[in-house]
Amino acid sequence: MRLLVVEDDPLIARSLHQALTPLGNTVEGFARHAEASAALRHDSFDLILLDLGLPDGDGLTLLGELRERGDTTPVLILTARDGIDDRVRGLDLGADDYLAKPFSLAELEARVRALLRRSQQRSDNRLRLGALCFDPALGLATLHDEPLELPRRELCLLEDLLLHAGSITPREMLENRLFGFGEVGSNALEVYISRLRKRLKDSGLRIRTFRGLGYRLEEERE
């Protein structure tokens, strides 16, 4: 999954990145309201972890802007403000969960998994299509119940394609997921698509290319 962390404390931001990245997530971070607002207007994320006390504005203002324009991305508020009024206001503005600092990283990880699972309308964390299965919590992919050893970027690509299985996953979304906000070579994504296709050979699944749109993971038909 692609997560956005909006947190101005560098120690906390670094801890979040270190805790959430090994779970198979791509984590982007911003310390200021203006930076996060610009990113959210031009890109999409699967979950936002939002601090309330930002140096150039209130996190609740950012949340309000998000919901006003119809963005339903799940938001987990992380804040030292533990007063009931702030908690109620955040939930009323559209936050999906609330975690007061200091918090346990184990609890944070569990809440992140729960929010992502809920947003994808899944009963558990695993993603499946045919003989292919991916468990985000373990970072483990299997094919015909056998482990499928994949480098990090191929694993991220597989997860995104599984999340949108049967639908076209936009090319831009995949590039941002794999390479972040940096510049991407013209054929960088195709290289990883090609590698993944080879791994899925004879699996009963295929990755179809839709020129100018993106890619779709689907079951092969007779």
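Definitions and cut-offs
- Residues numbered from 1 in each chain as written.
- Predicted model: local features only at pLDDT ≥ 70, side-chain atom pairs only at ≥ 80, totals over all residues.
- Heavy atoms only, no water.
- Core = buried A, V, L, I, M, F, W, Y, C linked by side-chain atoms within 4.5 Å.
- Buried < 20%, exposed > 50% of the residue type's maximum accessible area, 1.4 Å probe, protein only.
- Helix = DSSP H or I, 4+ residues; strand = E, 2+ residues; numbered from the N terminus.
- Pairing = 2+ DSSP bridges.
- 1 Å grid on protein atoms, 1.4 Å probe; cavity = no way out; pocket = protein on both sides within 12 Å on 5 of 7 lines; lining within 4 Å.
- Points joined across faces, edges and corners; volume = space filled by probe spheres on them.
- Nonpolar A, V, L, I, M, F, W, Y, C, P; charged D, E, K, R; others polar.
- Salt bridge = Lys/Arg side-chain N within 4 Å of Asp/Glu carboxyl O.
- Axes fitted to C-alpha atoms, helices over the stretch in contact; angles between N-to-C directions.
- Parallel < 35°, antiparallel > 145°, perpendicular 65-115°, else oblique.
- Contact = heavy atoms within 4.5 Å.

(A) Structural view of the nonpolar core. In terms of nonpolar packing, the biggest core is built from 45 residues, with Leu49, Leu108, Val112, Leu132, Leu157, Leu161 and Leu217 touching the most fellow members. Per-element tally for this core: the top contributor is helix α6 (residues 152–163), with 7 residues. Of all hydrophobic cores here, the second largest spans 19 residues; its members include Leu50, Leu62, Val75 and Ile77.

(B) Highlighting the side chain of Thr169. Residue placement: Thr169 occurs in strand β12 (residues 169–170). Classification of Thr169 as buried rests on a relative accessible area of 0%.

(C) Quick look at the sheet that holds strand β11 (residues 146–147). The strand order across the open sheet formed by 4 strands is β8-β9-β10-β11, and the pairing between neighbours is antiparallel. Unpaired on one side and paired on the other, β8 (127–129) and β11 mark the two borders of the sheet. Here β8 runs beside strand β9 (residues 132–135); their pairing, made up of 3 bridges, is antiparallel. Looking across to β9, one finds that Arg128 is bridged to Cys133.

(D) Structural detail: empty space enclosed by the protein. As enumerated under the stated definition, the model contains 2 cavities of 30 Å³ or more in all. For the second largest cavity, the calculated volume is near 30 Å³. Sorting the residues of the lining of the second largest cavity by element identifies β3 (47–51) and α3 (59–68) as the ones contributing at least two each. No other element matches the 3 residues that α3 contributes to the lining of the second largest cavity. Its residues placed into classes, the lining of the second largest cavity shows 7 nonpolar, no polar and no charged.

(E) Examining the pattern of salt bridges more closely. In the structure shown here, the tally under the stated rule is 14 salt bridges. When the shortest N-O distance is used, the salt bridge between Glu7 and Lys101 registers 2.8 Å. In this pair, Glu7 sits in the loop between β1 (2–6) and α1 (10–20) while Lys101 sits in the loop between β7 (97–100) and α5 (105–119), placing the two residues 94 residues apart along the sequence. With a shortest N-O distance of 3.8 Å, Asp56 and Arg32 are connected by a salt bridge. Residue Asp56 is located in the loop between β4 (53–54) and β5 (57–58), and its partner Arg32 is located in the loop between β2 (26–30) and α2 (33–42); the two are separated by 24 residues in the primary sequence. According to the relative accessible area criterion, Arg32 is partly exposed, its value standing at 37%.

(F) Geometry of the sheet that holds β1. Strand order in this open sheet of 5 strands is β2-β1-β3-β6-β7, and the pairing throughout is parallel. Unpaired on one side and paired on the other, β2 and β7 mark the two borders of the sheet. Strand-to-strand twist in this sheet, taken as the mean axis angle between neighbours without regard to direction, amounts to 20 degrees. With 4 bridges joining them, strand β6 (residues 75–79) and β7 adopt parallel strand pairing. Following the sheet pairing, Ile77 is matched in β7 by Tyr98.

(G) Structural context of the packing of helix α7 (residues 171–179) against helix α8 (residues 188–199). It is at 10 Å that the axes of α7 and α8 come closest, and there the two elements cross at 90 degrees. Taken together, the axes of α7 and α8 are roughly perpendicular relative to one another. When α7 is examined against α8, the residues Arg171, Leu174, Glu175, Leu178 and Phe179 are found in contact with a partner set consisting of Ala188, Leu189, Glu190 and Tyr192. Taken together, the residues that form the contact of α7 with α8 break down as 6 nonpolar, no polar and 3 charged.

Read these as layout, nothing more, since geometry by itself doesn't imply function.
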